[in-house]
Amino acid sequence: MKRLLSGVCVFIVGLAFSYSASAQGVPAKAFENVTLHKADGSTVEDAVIVWRNGVIEAAGKNVSIPFDAEVWDGGDSLHVYPGFIDGYAYWGSPDQKQFEDTPKYRGKPSYERAGIRPERQAREAVKMDSDDFKKVMKKGFTTAALGTKGYMIPGQLDLFLLQPELQIGDLYKGGVGMQMQFEESYRVYPSTVMGIMARFEQLMMEAKALNEWQGYYASSSTEIAPPPNDPVLEALYPVMQNEQRIFFKADSKEMIERVFALQDKLDFDWVLVSGMEAYKVADELKQRDVPVLASINFPKKPEWKKEDYEEEGEVTDEMQGFRDKRWNAYLARYRNIKKLMEDGVQVGFASADLELKEMADRMKDWSEYGDVTPEEMLKVMTANTADILVKGSALGGLKKGQVASFSIMNKPFIEEKAAAVYSVSAGELNELND
Amino acid sequence: MDTIKKIALVLIFCSFTAVGVSQPTGSVLIKDGTVLTVTNGTIENGDVLIEDGIITQIGEDVSAPGGADVIDASGKYVMPGIIDPHSHIAGVDINEASNPVTAEVKMGNSIDPNDISIYRALAGGVSSIHLLHGSANVIGGESETLKLRYGQGQEGLKFEDAPRTIKFALGENPTRVHGQGSGIQPRTRMGVEQVIRRTFDAALDYRRNREAYLEAKENYNGQGAPPRPVAKNLRMETIADIIEGDILVHCHSYRADEILMLMRVFDDYGVENYTFTHANEAFKVAPELKEHGAYASVFSDWWAYKFEVYYSTAYNASILNANGVVTSINSDSGELIRHLNHEAAKTIRYGNTSKADALKMITLNPAIQLGINDKVGSLEEGKHGDVSIWSKHPLSIYSINQMTFVDGVKYFDREEDADDMRIDINPGESWEQPTVRNTSEHGCMHDTFYLFSETAGE
């Protein structure tokens, strides 16, 4: 209950932006002698950060620490970052249920069997006590839009302020968007990409008809039969009415173009998730005003690119030509986010299918080959992602009035073995040393 | 060229611009070749001028306008780009095999523009293909007619303004997938017929109900009983469009009895303009096909790969052609598509079909079957600049395709044929070792085998 109240409180206060913490009777907390890394890329050394009741009161140099504050000394060696935000994560999500049965009428599976679950909320599926949360907090994340694994429409994304063990009170905003992907269910309709496209279009047609029926019934209940109860179709209404966005996971240029085709037919708002080849359609994304929550789930480097690789045999000109082409394709993937930024596309961060154990290596790849500065990386993982998830939210920064969600790291985040030693999420401080 | 003709051609250009065709077009003069027009005989030492993607002049001593490339075709043969009316190359998924009727799915949403098979087909002189849904279902999805503009994206491959087409399938494939695979109808050829009739009846009911609802909705003023909504049903919409003649049917079939069956069904519902594809026993019912105005698209000499394909003959295409049935030769294969000229030539070897008619079987006739013969299929002024140039007569076994143009743009040139023409590089896969794609993946039953294995797909 305590978490629930504090979560709701932070949300309301964060949205208002005009919170006056000192008016509350709750003691303040502060870190002093730290280096602040702000979302805009600027840094402040020998700085102080003060927060109270889940909200930042002050951050900067020469900040006076309130008399009632509990203070931690950073010893001039700790680095404070706005908490990283994962725009689309599967942390804590159980693996998709493996269906063992094959229904006799494969062409008419139930919604669940077909993987059509727009009514399912992530908070109902996610394992709140998963150790994933502590692991990602050590990597600097304090906030995540959690989704569930699944097929065509896995469910609704819920935005959580992370804690080592989540509670429902840590929910910042439910139903941030509806998850969707070109993922066929097992041995039932739709079993192809074109089938998914047709099925989704049909679902939207049926939702529209049901909505009309409900409208008629509400206005004239004695003259028309009552409409059927269909929570799945009803869960599509917000998308149909442009009140909710689809968070559509797609990687290849062709798959992204298929989402464009669906959008042209059904006129929905959406966010591209993962988008490994989004750079190829950056102009179109910009023109359509589609933000991208980009993944860094780059393919692993080829053996011949590794430092300890020893060549066996001669590398012919033809072989070298192939290698050059392949490496250029790698570089294009690494530079995806940079290209999107240059082309004016709003870009945030999503771990999506990236395994947690791979994150450090992929971050290193992104830093090394992605043509991005640490400041740009930080902005993508904080303010940009926050703005894509909840426009005008108080997440993703270290400014006064913003939600007190930040990480205190032992070294700059892109350096080897960088890790958060403390994490403050919605004002709650967690010590992360094992 | 007289003035009226010039004006007509200008209007054609304008109409193309007006509909927003954004595909690349080229201007080229192909000079001094033996021009096989297909519809107007052969022109020795002839020239073909293509301007902005459209053939504007065919004849002798044509001058190249400014900006047009000039190709010396002396000693070579110039013919229309080959059209394959039954192909599964350039497809992502081929079969939505989970239901006996999936008319709502579209191969236009399942195009793989990076498939190297496109380039290989261009090397065989092919300029257009009919990307068909597979044959797992009695009524499969809508197909897509493509131009092989290798290097363009999905939309860039689509043949603008080509009529809608759809795949039907009779016989062993749908009964095996659904009857044996799931224990549902159809288990037999009788069942196949009933699936079609039942679906057609349902579509007619649907359209009546839907239109009645839309009319009632339009007239409803908030007084009295409101109309009960009838959701738009994509599957039924497509079927109803077939019955109304808006979609051309291409039906996978082999046996004569099932071919007759479908013609009877279509007679009952008033469906016209359809093509039987494969149709190995079509020769048995050639007069009936002719009487119905039905078309046939066949293999030259491919059979015996399953039980229903044993009763076959290499004379099939020739017999059909002699009976006046518009007949084409197709590949249904990522390999055969590379030498459809040889496949057409077999009709001469086996059935004494004329060279002119043999050429039509891979050019004009498939264009007729796809409803695009006003645009391609022959070398005529006003048609698209889809052309292939051959070292010898294309029906010679020794002939080799030299160049292939689509809309006047050269997409294949044997002299510029690099070792590696792949355009899609997935860095996560080994690029150095070329993968050999199994050509059976391009077949009608692609994506269906998971249905027969308890472990497949897991």
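These figures come from a predicted structure and were not determined experimentally.

(A) Structural context of the overall build of chain A. A count of helices and strands for chain A gives 13 helices and 15 strands. Taking 2.2 N^0.38 as the reference for a compact globule, 434 residues should give roughly 22 Å; the C-alpha atoms of chain A span a radius of gyration of 24 Å, in line with that estimate. Based on the C-alpha atoms only, the size of chain A along its principal axes is roughly 75 × 70 × 40 Å. Buried residues in chain A amount to 58% of all 434 residues. Intrachain contacts of chain A at a sequence separation of at least 6 include 69% that bridge at least 24 residues. Summed over its atoms, the accessible surface of chain A is roughly 18000 Å², and 46% of this surface lies on carbon and sulfur atoms. Separation of charge centres in chain A, based on 52 positive and 68 negative side chains, amounts to 2 Å.

(B) Structural detail: helix H4 (residues 172–182) of chain B. Residues and elements named next belong to chain B. The element H4 is largely enclosed, with a buried count of eight among its eleven residues. Taken as a whole, H4 has its buried residues at Glu172, Asn173, Pro174, Thr175, Val177, His178, Gly179 and Ser182. One or two positions beyond H4, positive phi appears at Gly183, with a value near 70°.

(C) The pattern of salt bridges, seen in detail. All names here are of chain A. On inspection of all chains with the given rule, the structure shows 52 salt bridges over all chains. Salt-bridge contacts for Glu119 lead to Arg117; the nearest nitrogen and oxygen are separated by 2.9 Å. What makes Arg117 buried here is its relative accessible area of 19%. In this structure, Glu303 engages Lys306 in a salt bridge whose closest nitrogen and oxygen atoms are separated by 3.1 Å. Given a relative accessible area of 35%, Lys306 falls into the partly exposed group.

(D) How the structure looks around empty space enclosed by the protein. This model, assessed by the stated rule, comprises two cavities of 30 Å³ or more. Estimates place the volume of the largest cavity at around 50 Å³. As for the largest cavity, its lining consists of His278(B), Asn280(B), Val298(B), Phe299(B), Ser300(B), Trp302(B), Trp303(B), Ser312(B), Thr313(B) and Asn316(B). A per-class count over the lining of the largest cavity returns four nonpolar, six polar and no charged. Space inside the second largest cavity adds up to approximately 30 Å³. Lining the second largest cavity are Gly83(A), Ile85(A), Thr142(A), Thr143(A), Leu395(A), Gly396(A), Val403(A) and Ser405(A). Taken together, the residues of the lining of the second largest cavity break down into three nonpolar, five polar and no charged.

(E) Structural view of unusual backbone geometry. With an omega of -5°, the peptide bond running from Tyr189(A) to Pro190(A) counts as cis. Examined against the element boundaries, Pro190(A) turns out to sit in the loop between strand E8 (171–181) and helix H5 (193–219). The step from Gln185(B) to Pro186(B) runs through a cis peptide bond, and the omega angle for that step is 10°. Locating Pro186(B) in the fold gives a position in the loop between H4 and helix H5 (189–219). Even without being a glycine, Asp371(A) presents a positive backbone phi close to 60°. Topologically, Asp371(A) is positioned in the loop between helix H12 (359–369) and helix H13 (374–389).

(F) Representation of the layout of surface pockets. Roughly 760 Å³ of internal volume is contained in the second largest pocket. As for the second largest pocket, its lining consists of 38 residues, and the residues nearest its centre are Ala261(A), Gly108(B), Asn109(B), Glu155(B) and Lys158(B). Of all the secondary structure elements, the ones that give two or more residues to the lining of the second largest pocket are H5, helix H8 (253–266) and helix H9 (282–288) of chain A together with strand E8 (139–147), helix H3 (154–157) and strand E9 (164–169) of chain B. For the lining of the second largest pocket, the element with the most residues is H8(A), which contributes eight residues. Residue composition of the lining of the second largest pocket, by class: twelve nonpolar, eight polar and 18 charged.

(G) Examining the nonpolar core more closely. Of all hydrophobic cores here, the largest spans 86 residues; its most connected members are Trp91(A), Leu162(A), Phe200(A), Trp270(A), Leu285(A) and Trp366(A). At nine residues, H5(A) tops the list of elements feeding residues into this core. When residues are assigned to domains, this core turns out to be shared by domain 1 (1–83 + 397–434) and domain 2 (84–306 + 319–396) of chain A, each giving three or more. When near neighbours in sequence (up to four residues on either side) are disregarded, Trp270(A) contacts Arg245(A), Ile246(A), Phe248(A), Ile256(A), Val259(A), Phe260(A), Gln263(A), Leu285(A), Val290(A) and Pro291(A). In this structure, Val105(B), Ile116(B), Ala279(B) and Leu359(B) belong to the second largest nonpolar core, which totals 83 residues.

(H) Looking closely at the pairing of strand E7 (residues 126–131) of chain B. Residue and element names in this part refer to chain B. Burial analysis of E7 places six of its six residues in the buried class, which makes it a mostly covered element. As paired strands, strand E6 (residues 82–87) and E7 are joined by four bridges and run parallel to one another. Each residue of the ladder has a partner; that of Ile82, found in E7, is Val126. In this fold, the crossover linking E6 to E7 by way of helix H2 (residues 116–123) has right-handed handedness. The sheet contact formed by E7 and E8 spans four bridges and is antiparallel.

(I) View of the domain arrangement of chain A. Residues and elements named next belong to chain A. On domain assignment, one finds that chain A holds domain 1 (1–83 + 397–434) and domain 2 (84–306 + 319–396). Computed over C-alpha atoms only, the centres of domain 1 and domain 2 are separated by 29 Å. Contacts between the two partners involve 35 residues from domain 1 and, on the opposite side, 36 residues from domain 2. Summed over both sides, the interface of domain 1 with domain 2 buries roughly 2800 Å², with 60% coming from carbon and sulfur. On inspection of domain 1 and its partner domain 2, the count reaches zero salt bridges. In this assembly, domain 1 and domain 2 are joined by eight residue pairs in polar contact (both at pLDDT 80 or more). Here the side of domain 1 that touches domain 2 takes six residues from helix H1 (residues 2–16), the largest share from any one element. In terms of residue class, the side of domain 1 that touches domain 2 is built from 17 nonpolar, 13 polar and five charged.

(J) Main features of the environment of Met359(A). All names here are of chain A. By the secondary structure assignment, Met359 is in helix H12. Sequence spacing of Met359 and Lys139 is 220 residues, and the spatial spacing of their C-alpha atoms is 8.8 Å. When residues no more than four places from it in sequence are discounted, the contact partners of Met359 are Trp91, Lys139, Phe141, Phe349, Ser351 and Leu354.

(K) Region of interest: the sheet that holds strand E10 (residues 247–253) of chain B. Residue and element names in this part refer to chain B. Strand order across the open sheet formed by eight strands is E6-E7-E8-E9-E10-E11-E12-E13, with mixed pairing between neighbours. One side of each edge strand has no neighbouring strand; the edge strands of this open sheet are E6 and strand E13 (327–329). With direction set aside, neighbouring strand axes in the sheet form an average angle of 25°. Inspection of the sheet shows strand E11 (residues 274–278) paired to strand E12 (residues 295–298) by three bridges, in the parallel sense. Bridge pairing in E12 places Thr275 opposite Tyr295. Sheet strands in contact with helix H6 (residues 234–243) are E8, E9 and E10, and its direction is about 100° off that of E9. The strands that helix H7 (residues 256–269) touches are E9, E10 and E11; relative to E11, the one it contacts most, it runs at about 165°.

Criteria and thresholds
- Residues numbered from 1 in each chain as written.
- Chains lettered and ligands numbered in written order.
- Predicted model: local features only at pLDDT ≥ 70, side-chain atom pairs only at ≥ 80, totals over all residues.
- Heavy atoms only, no water.
- Helix = DSSP H or I, 4+ residues; strand = E, 2+ residues; numbered from the N terminus.
- Rg over C-alpha atoms; globule rule 2.2 N^0.38 Å.
- Buried < 20%, exposed > 50% of the residue type's maximum accessible area, 1.4 Å probe, protein only.
- Contact = heavy atoms within 4.5 Å.
- Areas by Shrake-Rupley, 256 points an atom, 1.4 Å probe, with all protein chains shown as cover.
- Lys, Arg positive; Asp, Glu negative; His and termini not counted.
- Charge placed at Lys NZ, Arg CZ, Asp CG, Glu CD.
- Salt bridge = Lys/Arg side-chain N within 4 Å of Asp/Glu carboxyl O.
- 1 Å grid on protein atoms, 1.4 Å probe; cavity = no way out; pocket = protein on both sides within 12 Å on 5 of 7 lines; lining within 4 Å.
- Points joined across faces, edges and corners; volume = space filled by probe spheres on them.
- Nonpolar A, V, L, I, M, F, W, Y, C, P; charged D, E, K, R; others polar.
- Core = buried A, V, L, I, M, F, W, Y, C linked by side-chain atoms within 4.5 Å.
- Domains from an automatic or database assignment.
- Pairing = 2+ DSSP bridges.
- Right-handed = clockwise from strand over helix to strand, strands pointing away.
- Buried area = accessible area lost by both parts, 1.4 Å probe.
- Polar contact = N/O pair within 3.5 Å; in protein donor to acceptor, adjacent residues only side chain to side chain.
- Axes fitted to C-alpha atoms, helices over the stretch in contact; angles between N-to-C directions.

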